[in-house]
Amino acid sequence: MKLPRWIIPVVIVILTVAAVQGSKFIRIPSAEMEVSEEIPGTEPVRGVFIVEGVTCRDTAVSAMENAAAVDGVLRLTAYASHNRIDVAYDPARTGPQAIRSAIEGPVYQENTGEFVFNLYRVVEINGVPVPVSE
Amino acid sequence: MNITRRIFQISIVIAALTVGVRYAMGDSRITVETYCPFGGLEGLLSLVTHHQFTCATGERNLILFIALLVLTLLSRRVFCSWICPVGTLSEGIFRLRKRRRTPAAISRKWDRRLRLIRLPVLLIILFLTFLTGELIFRGVDPYYVLFSIHGHDVQWWSYIVIGFIVAGIVAVPMAWCRYLCPLGVALWPFSRIGLIRLKRTGACIQCGKCDDACPWGIDVSRAETITSGECTLCLECTRVCPVKDALELRTPGGAPR
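Reading guide: rules and limits
Residues numbered from 1 in each chain as written. Chains lettered and ligands numbered in written order. Predicted model: local features only at pLDDT ≥ 70, side-chain atom pairs only at ≥ 80, totals over all residues. Helix = DSSP H or I, 4+ residues; strand = E, 2+ residues; numbered from the N terminus. Rg over C-alpha atoms; globule rule 2.2 N^0.38 Å. Buried ≥ 20, exposed ≤ 12 C-beta atoms within 10 Å, placed from the backbone. Contact = placed C-beta atoms within 7 Å. Pairing = 2+ DSSP bridges. Nonpolar A, V, L, I, M, F, W, Y, C, P; charged D, E, K, R; others polar. Core = buried A, V, L, I, M, F, W, Y, C linked by C-beta atoms within 7 Å. Domains from an automatic or database assignment.

The next subject is the overall build of chain B. When you go through chain B residue by residue, the secondary structure sums to 13 helices and two strands. Radius of gyration (C-alpha) of chain B: 19 Å, near the 18 Å computed for a compact globule of 257 residues. Taking all 257 residues of chain B together, the buried fraction comes to 47%. In chain B, 68% of the contacts between residues at least 6 apart in sequence involve partners at least 24 apart.

Tallying secondary structure elements over chain A gives three helices and nine strands in all. Reading chain A from its N terminus to its C terminus gives the helix and strand order β-α-β-β-α-β-β-α-β-β-β-β. Whereas a compact globule of 134 residues would reach a radius of gyration of roughly 14 Å, chain A reaches 20 Å, over 25% beyond that. C-alpha extents for chain A along the principal axes are approximately 70 × 45 × 30 Å. Burial statistics for chain A: of 134 residues in total, 32% are counted as buried.

Sheet strands pair by backbone hydrogen bonding; their relative direction is either parallel or antiparallel. The strand order across the open sheet formed by three strands is S1(A)-S2(B)-S1(B), and the pairing between neighbours is antiparallel. Strand pairing shows two members of the sheet lacking a second neighbour, strand S1 (2-3) of chain A together with strand S1 (197-200) of chain B, which therefore form its edges. Pairing geometry for S1(A) and strand S2 (residues 247-250) of chain B, over two bridges, is antiparallel. Each residue of the ladder has a partner; that of A:Lys2, found in S2(B), is B:Arg250.

The next thing to look at is the interface of chain B and chain A. The interface of chain B with chain A comprises 30 residues on the first partner and 28 residues on the second. Those elements giving two or more residues to the side of chain B that touches chain A turn out to be helix H1 (2-24), helix H3 (59-75), helix H4 (78-83) and S2 of chain B. The biggest single contributor to the side of chain B that touches chain A is H3(B), with nine residues. Residues belonging to the side of chain B that touches chain A are distributed by class as follows: 18 nonpolar, seven polar and five charged.

Residues and elements named next belong to chain B. Despite not being glycine, His150 shows a phi value in the positive range, around 55 degrees. Even without glycine at this site, Gln206 takes up a positive phi of about 60 degrees. Of note, Gln206 is situated in the loop between S1 and helix H12 (209-213). On the basis of neighbour counts, which here come to 10 C-beta atoms within 10 Å, the residue Gln206 falls in the exposed class.

The six strands are arranged S2-S4-S5-S3-S8-S9 (chain A) in an open sheet whose pairing can be described as antiparallel. Of all the strands in the sheet, just strand S2 (31-34) and strand S9 (128-129) of chain A have a single pairing partner and so form its edges.

Right, let's talk about the nonpolar core for a bit. Residues and elements named next belong to chain B. Core analysis: the largest hydrophobic core is formed by 65 residues, its most contacted members being Phe79, Trp176 and Cys237. The element that contributes the greatest number of residues to this core is H3, accounting for seven residues. Counting residues domain by domain, this core receives three or more from each of domain 1 (2-191) and domain 2 (196-242). Sequence-distant contacts of Phe79, defined by excluding residues within four places in its chain, comprise Leu68, Leu71, Thr72, Cys84 and Leu187.

Pasting the structure below:
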C-alpha cells in the first residue's frame, strides 16, 4: 500500500507524546527501605517529599538513610527519576518538618570520612512548595 | 517534507539545549538524560534482575525506549534522522562536505565490517553498566557531553573524545552513527523488519542522485525495495530525485511497478 510522506512525522508525534505523557503515570521505585514496624493501633501517615539532589539510586539511598534516622519513620520509597521520596511515618512520634531537617542534614561520605553539607534540599512536601531553610 | 524534518531536528536540538541549560542553571530538575531512550535500554537489565533502575535512569527512559522500538517497527530508524540530536549534528557536518560519499579509502566491504564495531560497543556498555550500576558511558556519550552543559561525569577528556568523534564525522559521513552508535545497532534488527519502506518504481531513470544523497551510503538506485536496516527514512533520496514518484513509501506487499 502506498503511504503519504506525512505519515512519518505523524507517527513520531503520536508515539512521542504518548510516551512522555504515559511515563508520568508510571512509577517504579529506585530504592525501598523498611525502617521499623508500625505500632499496632496506630495509623501511619504518608508524606511525599520532592528532594533536590536525589537524581539516582545512590543519592536516593543516601537521603533515605538520613530520613531513616528519625524516630517514627517506618518505611521509605524513593523514585529518583521524579526526585521523590515517599515516607510512611507515625504522626504521634514525628512530622514532615523533622523528616525534612533530617533529609537536609549533613551526609557522611564513606570514601573521605567527612560530612558533606547542603547535599539535599527538600523543595516540596505533599505537593506544597517549601521555602529554603535558614 | 524535508522542511518538516529540519523543523523536527532543529526543535529537538533547541529543546535538548534548553533542558541542559535550565538544569545547569538550577532552574529545573529535569536533565537531558531524562529524555534519552538509550537510558531505558541501559536500565532494563538491572530492572529485570534487581528490580531497580541503573543510576539516573528511570521510568521515562524505559517508556521512551519501548516507544522507540514501536516507532522503529513501524517506520524504521526514523529516530536517527528525525529526532536524535547527535544525528542532526552528524548530518549538518555531512551537508557541509563537498564530497558526500564514503571516502574511497573505505571500501564497501570495510564499511560493512566497520559497522559491526557498534555491536561490541553496545554489549560492552550494557555489560559494564549492569556490572557497575553506573552510567559509565556518560562521559563519552556525545549527546550527554554536548547537551548537558558540562554535566556530571563530563571531564576535560570528554571534550577531546568528542573532538575525535567530530573529526571522524568530518572524514567519513555519519561516522559516529555508522560505526559507533550503540543505540543505532540496537535498533537495527527492528528497523530491518520495519513496516514502512521506500520502494523504487518503474519511473526511475537510474541517475544515481539518490545514492549520492543518502547519508548512510545505501545504494538506493540498485534496490527495488530498501530493506537495509540502516535506512532512516530521512527521505533525502526522494528530495533529490528528478522524477516524480520514482521513490514511494509503501508497506510490504503489492508491487509498485
